Amino acid sequence: MNHKKNSIFDVSFEDLKDILVDLGQPDYRIKQLWRSLYHEGKKSFSEITNISKDLRNILSKRFYIDLFKPKIYLSSKDLSTDKALFELKDGELIETVLMRYNSDGHRNSRKTVCISTQAGCALGCTFCATGQQGFRRNLTFGEIVKQVLYMRQLALSEDMKEVAKGSRTKGEIQGVTNIVFMGMGEPLANYDNIISAIRILNDPLGLNIGARHITVSTVGLVPQILKLSEEKIQINLAVSLHASDNETRSSTMPINKRYPIEELINACKKYISKTGRRIFFEYVLLSEHNDSEEHAYKLGKLLNGIKCHVNLIPVNPTDEGIYGRTKSDKARNFQAKLKKFNIPSTLRSEKGIDINAGCGQLRSRIEL
Ligand code: SF4
């Protein structure tokens, strides 16, 4: 039978299992193959030596092990942040960011990968470079996972170098510790693929990254937030709020006209009561737009009593962007106002400004 050759990363566990069974393989073969691909990150069929050469030949005629190679790769001056631009089979361009955090007394050192879920985005937030490029297409779950596979290989080789130098033991090899779905695109608009990708990232035979170390971000697609509350996965949900009243929010986030703040907050409350998990609210501080004391007060009132944590993020200025960066004393003042409402928050230091590590910024640069 003639088969079109496909990426093996676009085949689900169940489908691959059926294919192996049809080829007369025992049930356990799928686990061996899956582990080799995702857990061990084998780069070709010839490296998967725990399956027979005949089976490897058959599989290599039907599938590619097509791991990503970056078209552009940049590192920030302080070496804390790397950014890769990948070209997909159909020429679409997506971005993936690796952020390194040193141990700070409260948290262990970690390496977080920020991944894209769509080529472009239809939602048109005015502060976002991707939003200004329009929607191209959804990524497959394979394309989502391959971004992490690339960065994990890099993170592991850094760990190994530290082991060789003696600054880390073999037991301290971590690779990628956290995943954030905060790159290009709206994750919940590509719902089925992100759920499939999360299951592979979380699977002990897959990348084995704890669900609590995976964060999905959304601009607030209400039906999908409610659907997500029914999934049995303990991931973190981050909701991009960026304003505390409908007028301000609609002026930067057109989605607010479809799902206004009251509806969004109600969905968040249902999510929290269903899952028992707190929600992270993201609030990009846009100078002279949403960063006044009054805005902070309204935000405090809106989130009062909700099990949540607020991340305040001074905007990454883009060349074509219209918003300036909020000064740090003003940002601290904003945070102090929230504290009066007993709302925990973090004032984030944005990483990778010198390599355009904000959402969609590298892609927009190469296309200029
Ligand atoms: S912020 Fe997210 S949802 Fe809004 S336009 Fe950018 S990628 Fe799309």
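Residues numbered from 1 in each chain as written. Predicted model: local features only at pLDDT ≥ 70, side-chain atom pairs only at ≥ 80, totals over all residues. Heavy atoms only, no water.

Caption draft 1: Fine view of the pairing of strand 9 (residues 178-181). Alternating positions in strand 9 separate into two faces, Asn178 and Val180 on one and Ile179 and Phe181 on the other, with burial throughout. With three bridges connecting them, strand 6 (residues 110-114) and strand 9 associate as parallel partners. Looking across to strand 9, one finds that Thr112 is bridged to Asn178. Where strand 9 meets strand 10 (residues 214-218), three bridges bridge the pair, whose relative direction is parallel. Bridge assignment links Val180 to a residue of strand 10, and that residue is Thr215. Once you follow strand 9 into helix 5 (residues 191-202) and on to strand 10, the crossover reads as right-handed. (Buried < 20%, exposed > 50% of the residue type's maximum accessible area, 1.4 Å probe, protein only. Helix = DSSP H or I, 4+ residues; strand = E, 2+ residues; numbered from the N terminus. Pairing = 2+ DSSP bridges. Right-handed = clockwise from strand over helix to strand, strands pointing away.)

Caption draft 2: Broad picture of the packing of aromatic side chains. The tally for this structure, following the rule as stated, stands at eight aromatic pairs. On the numbers, 4.9 Å between centres and 25° between planes, the contact of Phe68 with Phe86 is stacked. A residue pair is termed long-range when its members are at least 10 positions apart, and Phe68 in the loop between strand 2 (63-64) and strand 3 (70-75) and Phe86 in strand 4 (residues 81-87) qualify at 18 residues. For Phe68, a relative accessible area of 11% gives the class buried. Residues Phe86 and Tyr150 carry aromatic rings whose centres are separated by 5.4 Å and whose planes lie at 75° to one another, so their mutual orientation is edge-to-face. Here Phe86, found in strand 4, pairs with Tyr150, found in helix 4 (residues 141-165); they are 64 residues apart in sequence, far enough to count as distant. Overall, Tyr150 belongs to the buried group, its relative accessible area being 15%. By the ring-pair criterion, three or more aromatic residues cluster together here, those being Phe9, Phe13, Trp34 and Tyr38. Lying over the aromatic face of Tyr64, Lys89 brings its terminal NZ or CZ to 5.2 Å of the ring centre. The ring of Tyr101 is capped by Arg110, whose NZ or CZ atom sits 4.4 Å from the centre of that ring. (Phe/Tyr/Trp six-rings, centres within 6.5 Å; stacked < 30°, edge-to-face > 60°. Lys NZ or Arg CZ within 6 Å of the ring centre and 35° of its normal.)

Caption draft 3: Structural detail: the pairing of strand 11 (residues 236-240). Of all five residues that make up strand 11, five are buried, and the element is covered over most of its length. By the alternation rule, side chains of strand 11 split into Asn236, Ala238 and Ser240 and Leu237 and Val239, which are all buried. Inspection of the sheet shows strand 10 paired to strand 11 by four bridges, in the parallel sense. The residue of strand 11 that forms the bridge with Thr218 is Val239. In terms of handedness, the path from strand 10 via helix 6 (residues 222-228) over to strand 11 forms a crossover that is right-handed. When strand 11 meets strand 12 (residues 279-285), the two strands line up parallel, connected through four bridges. Across the sheet, Val239 pairs through a bridge with Phe281, a residue of strand 12.

Caption draft 4: Spatial organisation of the side chain of Ser250. Within the fold, Ser250 resides in helix 7 (residues 246-252). Of the residues examined, Ser250 reaches a relative accessible area of 17% and is grouped as buried. Not counting the four nearest positions on each side in its chain, Ser250 is found in contact with Asn256 and Lys257. (Contact = heavy atoms within 4.5 Å.)

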